[in-house]
Amino acid sequence: MAELREKSGPLALLVGFASFLIFETAAFQLLKFLTSGLGEADQYQPENTIVSNWVKTVAFLVLHLAVVIAAVLVLSNKLPRRYRGQVMGWFYLSLLVGFGLLIPLFY
């Protein structure tokens with residue numbers, strides 16, 4: 001007989017979403033602190049170049065990707081099997097959110 005696979009319910013999705021928001025907020029604050037020395041504070045000065053802000057952007061994206069991949073590796077080993085199906089969905093959403101976090105990073 002085919003194996004019946006348990007799906008995670010709506011409460012598990014709500015807990016996953018809350019955990020996702022907490023993780024992204026903590027990761028953003030940490031990466032904002034780590035990249036605070038890079039880039040220009042005043043974006044609209046006449047002699048401003050894009051180079052220093054480009055370095056800050058790339059550093060933020062690479063560090064965000066590293067933090068997210070580390071979290072996926074840890075979660076895929078620690079979570080019970082029935083909740084592991086959520087991990088990749090939150091991973092893909094986190095990749096998109098990483099680009100969106102660039103907007104508050106420079107303000």
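Everything quoted here is computed from the prediction, not taken from an experiment.

Things to note about the overall build of the chain
Along the chain, the regular secondary structure elements total four helices and zero strands. A buried classification covers 21% of the 107 residues belonging to the chain. Long-range pairs, those at least 24 residues apart, make up 74% of the contacts in the chain between residues at least 6 apart in sequence. As presented, the chain carries roughly 7800 Å² of accessible surface, and 72% of it is formed by carbon and sulfur atoms.

Structural notes on the confidence of the model for the chain
Mean pLDDT over the chain works out to 85, with 83% of the residues at or above the 70 mark. No element of the chain has a lower mean pLDDT than helix H4 (residues 102-105), which averages 89, and none a higher one than helix H1 (residues 10-34), which averages 93.

Description of the environment of Leu13
Relative to the elements of secondary structure, Leu13 occurs in helix H1. A sequence separation of 70 residues divides Leu13 from Tyr83, and the C-alpha atoms of the two residues are 9.0 Å apart. Beyond its immediate stretch of four places on either side in the chain, Leu13 contacts Gln86 and Trp90.

Some words on the packing of aromatic side chains
Under the counting rule described, the total for this entry stands at four aromatic pairs. Aromatic side chains Phe17 and Trp90 sit 6.0 Å apart centroid to centroid with 40° between the ring planes, which places their arrangement in the tilted category. In this pair, Phe17 sits in helix H1 while Trp90 sits in helix H3 (residues 85-100), placing the two residues 73 residues apart along the sequence. Residue classification places Phe17 among the partly exposed positions, given a relative accessible area of 38%. Note on Phe28 and Phe60: the rings are 6.1 Å apart at their centroids and 75° apart in plane angle, and the pair reads as edge-to-face. Note that Phe28 is positioned in helix H1 and Phe60 in helix H2 (residues 51-78), a separation of 32 residues in sequence. In this pair, the class of Phe28 matches that of Phe60, namely buried. Taken together, the ring pairs connect Phe17, Phe20 and Trp90 into an aromatic cluster.

Here we look at a nonpolar patch on the surface
A contiguous nonpolar surface patch, about 520 Å² in accessible area, is contributed by Leu65, Ile69, Leu73, Met88, Tyr92 and Leu95. Counting only elements with at least two residues in the nonpolar patch, the list comes to H2 and H3. Topologically, Leu65 is positioned in helix H2.

Cut-offs used in this document
- Residues numbered from 1 in each chain as written.
- Predicted model: local features only at pLDDT ≥ 70, side-chain atom pairs only at ≥ 80, totals over all residues.
- Heavy atoms only, no water.
- Helix = DSSP H or I, 4+ residues; strand = E, 2+ residues; numbered from the N terminus.
- Buried < 20%, exposed > 50% of the residue type's maximum accessible area, 1.4 Å probe, protein only.
- Contact = heavy atoms within 4.5 Å.
- Areas by Shrake-Rupley, 256 points an atom, 1.4 Å probe, with all protein chains shown as cover.
- pLDDT = per-residue confidence, 0-100.
- Phe/Tyr/Trp six-rings, centres within 6.5 Å; stacked < 30°, edge-to-face > 60°.
- Patch = residues over 30% accessible without salt bridge, like charges linked within 9 Å, V, L, I, M, F, W, Y side chains within 5 Å.
- Salt bridge = Lys/Arg side-chain N within 4 Å of Asp/Glu carboxyl O.

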